[in-house]
Amino acid sequence: MDNKNTEDNNNNNKKQNTILYAILAFLFLYAFTSTKNFMMTNEISYNKFLNMIENNQVESVVISASEIKIVPKEKEEGFSSKKVLYTGNVDDPNLINILNESGVEYRAESIQENYFADFIFSWVIMPIILFSIFRFLAGRIGKRMGAGPMMGLGKSNAKVYKENDIKITFDDVAGQDEAKESLKEIIDYLNNATKYTDIGAKLPKGALLVGPPGTGKTLLAKAVAGEANVPFLSISGSNFVEMFAGMGAAKVRDLFQEAEKNAPCIIFIDEVDSIGKSRDSQLQTNDEREQTLNQLLTQMDGFDSTKAIVVLAATNRPEILDKALLRPGRFDRRVIVDRPDLKGRVDILKVHSKGVKLGDDVDLEEIAKSTPGAVGADLANIVNEGALAAVKNGREFVMQEDLREAVEVIIAGKEKKDRILSPMEKRIVAFHEVGHALVAALLENTDPVHKITIVPRTMGALGYTMQLPEEEKYLVSKEELTNQIMVMLGGRSAEEEVFNLITTGASNDIERATKTARSMVTVYGMTDKFDMVALESVQNRYLDGRAARECSEETSTLIDQEVLNIIRTCHENTRKLLNENRDLLDKISEYLLEKETIFGDEFMEFVYEKYPELKEKKAKKLADKKQKEENTEY
Ligand code: ADP
Ligand code: MG
Ligand code: ZN
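Keep in mind it's a predicted model, so treat the numbers as computed, not measured.

A few points about the overall build of the chain
Inference 1: Counting its regular elements, the chain contains 23 helices and 15 strands.
Inference 2: Counting over 634 residues, the chain shows a buried share of 43%.
Inference 3: Across the chain, the fraction of contacts at a sequence separation of at least 24, relative to all contacts at a separation of at least 6, is 72%.
Inference 4: Put simply, the chain shows about 35,000 Å² of open surface, and 53% of that area lies on carbon and sulfur atoms.

What about the environment of Arg330?
Inference 1: Turning to its location among the elements, Arg330 is positioned in the loop between strand S9 (309-315) and strand S10 (333-336).
Inference 2: By relative accessible area, Arg330 is classed as buried at 6%.
Inference 3: Measuring from C-alpha to C-alpha, the distance between Arg330 and Ala207 comes to 7.9 Å, with 123 residues separating the pair along the chain.
Inference 4: Discounting residues that sit within four places of it in the chain, Arg330 has contacts with Lys205, Gly206, Leu297, Met300, Asp301, Ala324 and Leu325.

Structural notes on the site of ligand 1
Inference 1: Close to ligand 1 lie 15 residues, the nearest being Ala174, Gly214, Lys217, Thr218 and His352.
Inference 2: Leu219 is positioned such that a nitrogen or oxygen atom in its backbone is 2.9 Å from an oxygen atom of ligand 1.
Inference 3: One nitrogen or oxygen atom from the main chain of Ala377 is found 3.3 Å from an oxygen atom belonging to ligand 1.
Inference 4: A total of 560 Å² of accessible area belongs to ligand 1 in isolation, and the protein chains cover 78% of it.

Quick look at the pattern of salt bridges
Charged atoms that come close allow side chains of opposite charge to pair.
Inference 1: For the structure on display, the rule yields 23 salt bridges.
Inference 2: Here Glu258 ties to Lys261 by a salt bridge, and the two come within 3.5 Å at their closest N and O atoms. Placement of the pair is Glu258 and Lys261 together in helix H10 (residues 247-262), with a separation of three residues, close to one helical turn.
Inference 3: Classification of Glu258 as buried rests on a relative accessible area of 11%.
Inference 4: A salt bridge links Arg427 to Glu590, with the nearest nitrogen and oxygen atoms 2.8 Å apart. Of this pair, Arg427 sits in helix H17 (residues 423-442) while Glu590 sits in helix H21 (residues 582-595), placing them 163 residues apart in sequence.

Points about the sheet that holds strand S7 (residues 232-236)
Inference 1: Spatially, six strands are ordered S5-S7-S8-S9-S6-S10 in an open sheet, and the strand pairing comes out mixed. Among the strands making up the open sheet, the edge pair consists of strand S5 (161-163) and S10. Averaged over all adjacent pairs, the angle separating strand axes in this sheet is 20 degrees, with direction ignored.
Inference 2: Looking at chain direction, strand S8 (residues 265-270) and S9 are connected through five bridges and run parallel. By the bridge assignment for S9, Ile267 is matched with Val311.
Inference 3: The strands touched by helix H6 (residues 177-191) within the sheet are strand S6 (206-210), S8, S9 and S10, with S9 carrying the most contacts at an inclination of about 155 degrees.

With respect to the packing of H17 against helix H20 (residues 553-580)
Inference 1: The geometry of H17 relative to H20 is characterised by a closest axis approach of 10 Å and an angle of 90 degrees between their N-to-C directions. With respect to H20, the axis of H17 lies roughly perpendicular. Facing H17, whose interface residues are Gly435, Leu438, Val439 and Leu442, H20 presents Thr574, Leu577 and Leu578.
Inference 2: Class assignment for the residues of the contact of H17 with H20 results in five nonpolar, two polar and no charged.

Considerations on the UniProt feature "binding site: Zn(2+)" (unreviewed entry) in the chain
Inference 1: When the UniProt feature table is mapped to this numbering, "binding site: Zn(2+)" (unreviewed entry) covers His432, His436 and Asp509. Judged by maximum C-alpha separation, these annotated positions cover 78 residues in sequence but sit close together in space, the widest gap being only 10.9 Å.
Inference 2: Looking at the element boundaries, His432 is found in helix H17.
Inference 3: Excluding its chain neighbours within four sequence positions, the residues that come into contact with His432 are Gly490, Gly491, Arg492, Glu495, Gly505, Ala506 and Asp509.
Inference 4: With respect to the secondary-structure elements, His436 resides in helix H17.
Inference 5: Excluding residues within four positions of it along the chain, His436 makes contact with Thr465, Val487, Met488, Gly490, Gly491 and Asp509.
Inference 6: At 3.0 Å, the side chain of His436 and the side chain of His432 are in polar contact.

Describing the confidence of the model for the chain
Inference 1: Across the chain, pLDDT averages 82, with 85% of residues at or above 70.
Inference 2: In this model residues 1-11 is a low-confidence stretch, pLDDT under 50, and it forms 15 contacts with partners more than four residues away in sequence or in other chains.
Inference 3: For residues 36-40, every residue scores under 50 in pLDDT, and the model assigns this stretch six contacts once sequence neighbours within four places are set aside.

Considering the packing of aromatic side chains
Inference 1: Scanning the model with the defined rule gives five aromatic pairs in all.
Inference 2: When the centroid spacing of 5.7 Å and the interplanar angle of 25 degrees are considered together, the rings of Phe232 and Phe268 count as stacked. Highlighted residues: Phe232 in strand S7 and Phe268 in strand S8, separated in sequence by 36 residues.
Inference 3: Judged by its relative accessible area of 1%, Phe232 is buried.
Inference 4: According to the relative accessible area criterion, Phe268 is buried, its value standing at 2%.

Conventions we followed
- Residues numbered from 1 in each chain as written.
- Chains lettered and ligands numbered in written order.
- Predicted model: local features only at pLDDT ≥ 70, side-chain atom pairs only at ≥ 80, totals over all residues.
- Heavy atoms only, no water.
- Helix = DSSP H or I, 4+ residues; strand = E, 2+ residues; numbered from the N terminus.
- Buried < 20%, exposed > 50% of the residue type's maximum accessible area, 1.4 Å probe, protein only.
- Contact = heavy atoms within 4.5 Å.
- Areas by Shrake-Rupley, 256 points an atom, 1.4 Å probe, with all protein chains shown as cover.
- Near = heavy atom within 4 Å.
- Polar contact = N/O pair within 3.5 Å; in protein donor to acceptor, adjacent residues only side chain to side chain.
- Salt bridge = Lys/Arg side-chain N within 4 Å of Asp/Glu carboxyl O.
- Pairing = 2+ DSSP bridges.
- Axes fitted to C-alpha atoms, helices over the stretch in contact; angles between N-to-C directions.
- Parallel < 35°, antiparallel > 145°, perpendicular 65-115°, else oblique.
- Nonpolar A, V, L, I, M, F, W, Y, C, P; charged D, E, K, R; others polar.
- UniProt positions renumbered as here; feature names shortened; annotations may be inferred.
- pLDDT = per-residue confidence, 0-100.
- Phe/Tyr/Trp six-rings, centres within 6.5 Å; stacked < 30°, edge-to-face > 60°.

Printed below as a string of structure tokens:
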């Protein structure tokens, strides 16, 4: 890392601070040497002074034009510490006589006495103070006007990180093949800029990396710099937004200046949405952010297009970006960095387990299968958790078991063996989980049950049922969604069926079921009532996918009604299904209570015993799949 720019700024700051401290120290000293000005607490009345002389309490006095300094005798109680006292000079003509009579030593103040301190104060300290104030104001004003460093004093402290020698390459970024493909052009351009300019092609200026958090956007940007072997200047969008107006714009300016010095190079602006928010969608305006954005736009238009500088930016909220940023000549290229599919996940696991000692039984594909929806950062985390688990289990290499445990830790939190459930609670949890699993097994087109456990986890689950999809799915039918809802409702339905009891244990199931039902009505157009009308729009599809209502109050009420209908029907059907299979529910739950954790095969044995035809179906499905794979191999 080469943070030269940052260091320079730091040095500047340090110098300023030293000067300030020096000034403070001088002021302090001055205060001490001329105590009389600052500590008037020792002042006494002239009467008292005369009294003291009369009582022979005074050792000596120093008389100046305006005051008299009194040094009392040491033994005097009350003034035990030979404290110096003052009184005003009242121009008493008798004073000298009195002093002579009582034998007090006296003299007039010599001019030299406070001369040195005064001299320092008026000729050294005052100018320094005034100059500092001037500097401070000049810097502020310079920034405020956006007029650039004024006398080199108002420089911004942009936290630009410059890395010259990036070792990350595309090999470190697994999957994301389309993204890499579109970035290859940029690499070529950085390396052979003249090839493009000679023919008269306008060079690409910027690309926007878009995708959910943790999918490798930052990693990809670095890899581009690594592949092209050029410096990488990065700054986070949130770093631009500062307390003082105009600072952000100054930072943008500095950033591009630095880039011109380093061309060819890459500028990377992470989380660009924090400055690039659409300017008209805001209720209250934010001047500072707007200025920063404007400066960024100006710089992107203005920088020397014969110099090979490429601006990469990353965001997970592309929909809120200002349209001006996306215009040709700015971030006109959009590179989607989406969640990895099965193959991508396997590749990412491979990349991250390179430096990890793996046992013979490790099957990364199984782990990838059990983590649909996981992003690169999750998978990196899983490999690391697996390695930690291996150490904990006293092994020298990672086994499949460790990785499986790691997946569960990521999904549900660590096992919490010391949480004691009462026997009754444990029973309820067991029936609840088997309820989920049984509904999943008996309905068609649901993900197979992989594992059922009633060992509590730190993230709050008292037990859980893990289903694993057999293959990656991109389209989900209405029937499948309905079945998913029934599986979610299976837990509570089992509790009702067996214990005739309603507990709090189903809150998460209920939440998810309601969400699914709601999407069926408002987003997927799956009800007769609303046909194919969009009633909600997704706000940020790369983050939580929160939806915004797009209908009237009345329609909203109808939607709620419709959602309730779906849930109610599903609930009733689930109850019925479990009621018909009460024998299985009881048998498997007792088994689970005894074993605490059972796996899919064990579980399905019970089911196949009652429904042999399901076993045949499954066998046929597997055979079909195998056939298909063999066919596609040629
Ligand atoms: P983002 O910027 O999209 O939020 P990052 O690039 O910061 O995500 O990724 C975080 C970490 O996740 C990376 O440092 C890397 O270890 C891992 N990672 C993410 N995506 C990938 C990938 N495609 N291949 C390998 N590792 C990845
Ligand atoms: Mg990032
Ligand atoms: Zn549940």
